[in-house]
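What the coordinates show
One-letter residues, chain by chain:
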Amino acid sequence: MSGLLAGKRLLVTGVITDASIAFSVAKLAQENGAQVVLTGYGRLSLVERIAKRLPQPAPVIELDVTNAEQLAGLPDKVREHVDGLDGVVHSIGFAPQSCLGGGFLDAPWEDVATALHVSTYSYKSLAMAALPLMSPGGAVVGLTFDATKAWPVYDWMGVAKAGLESASRYLALHLGPKGIRSNLVAAGPLRTIAAKSIPGFEQFETTWSERAPLGWSLDDQEPAARACLALLSDWFPATTGEIVHVDGGYHALGAA
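Residues numbered from 1 in each chain as written. Predicted model: local features only at pLDDT ≥ 70, side-chain atom pairs only at ≥ 80, totals over all residues. Heavy atoms only, no water.

**So, the packing of aromatic side chains**
Note the cut-off: Only the six-membered ring of Trp is used, alongside the rings of Phe and Tyr, when aromatic pairs are assigned; centres must lie within 6.5 Å, and planes under 30 degrees apart are stacked while those over 60 apart are edge-to-face, with the rest tilted. The helix count covers DSSP runs of H or I at least four residues long, the strand count covers runs of E at least two residues long, and both are numbered beginning at the N terminus.
Throughout the structure, instances matching the rule amount to 7 aromatic pairs. Consider the rings of W151 and W208, whose centres lie 5.5 Å apart with planes at 40°: the pair is tilted. Linking W151 in the loop between β5 (134-144) and α5 (155-175) with W208 in helix α7 (residues 202-211), this pair joins segments that are 57 residues apart in sequence. Connected via pairs of aromatic rings, a cluster forms that spans F145, W151, Y154, W208 and Y250.

**Here we look at the sheet that holds strand β2 (residues 35-40)**
Condition: Strands are treated as partners if at least two bridges between them are detected by DSSP. In this description, a line fitted to the C-alpha atoms serves as the axis of each element, helices being fitted only across the stretch in contact, and the angle between N-to-C directions of two axes falls anywhere from 0 to 180 degrees. Contact between two residues is taken to exist if any of their heavy atoms lie within 4.5 Å; hydrogens are not considered.
With parallel pairing, 7 strands are arranged side by side in an open sheet as β3-β2-β1-β4-β5-β6-β7. Each of the sheet's edge strands pairs with one partner strand only, and the pair in question is β3 (60-62) and β7 (243-246). Taking the axes of each pair of neighbouring strands and ignoring which way they run, one obtains an average angle of 20° across the sheet. Sitting on the sheet, helix α3 (residues 68-79) is in contact with β1 (9-12), β3 and β4 (85-90), with an inclination near 155° to β3. Contacts from helix α4 (residues 109-130) reach β1, β4, β5 and β6 (181-187), with the element oriented near 170° to β4.

Laid out in structure tokens, this is it:
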């Protein structure tokens, strides 16, 4: 077996369609020598169908990251397919419609709490659930959208991503002594299922395509996936608590 991730065992969350970043991560990981186990929630049959489109069909485990019982049972379910994990990919986010599209001032706490639980706290929850399967040299990688700014229509999901970025740094602090890294990839806007659920998302599309120094493709998940693979590999052994921007360089620009 050869490739950047030869012999690695990965748990990848968030595969919903073959247009998702998580699918591209799983595909490239397999092509680079990794064993991949997927998780799904809700539409499990859909995830299982998408999993068959990978170079090698991957097993799918049901996991609701807000369910303590399922999180506790994750190690045993993973061990049915691999004997441990070298990496975990967190590609999970959700916010009720009231929290997006300009509703920042009116969204009720119950909906905001859901967004924060699923999109932020779950990063720590997933890492801790997988920890019994991991050993020094392992890595947790998550997906974010630059939370240093306030974006139109992103609203409470932007707050959730800011929390995710902070949570990754704290996870880096607390898992570092165990030899486990925590890093995020900040991807530019992509036409995924998640993006389509955000009212007014098209505001990002034109601006990004026009202003990113390297240009930006709204339909190409591979650059972000490649960054995830690099962070999961052995080529970043001393990097943790980092956010790698894969956005065509847009984040480096000042306001127009």
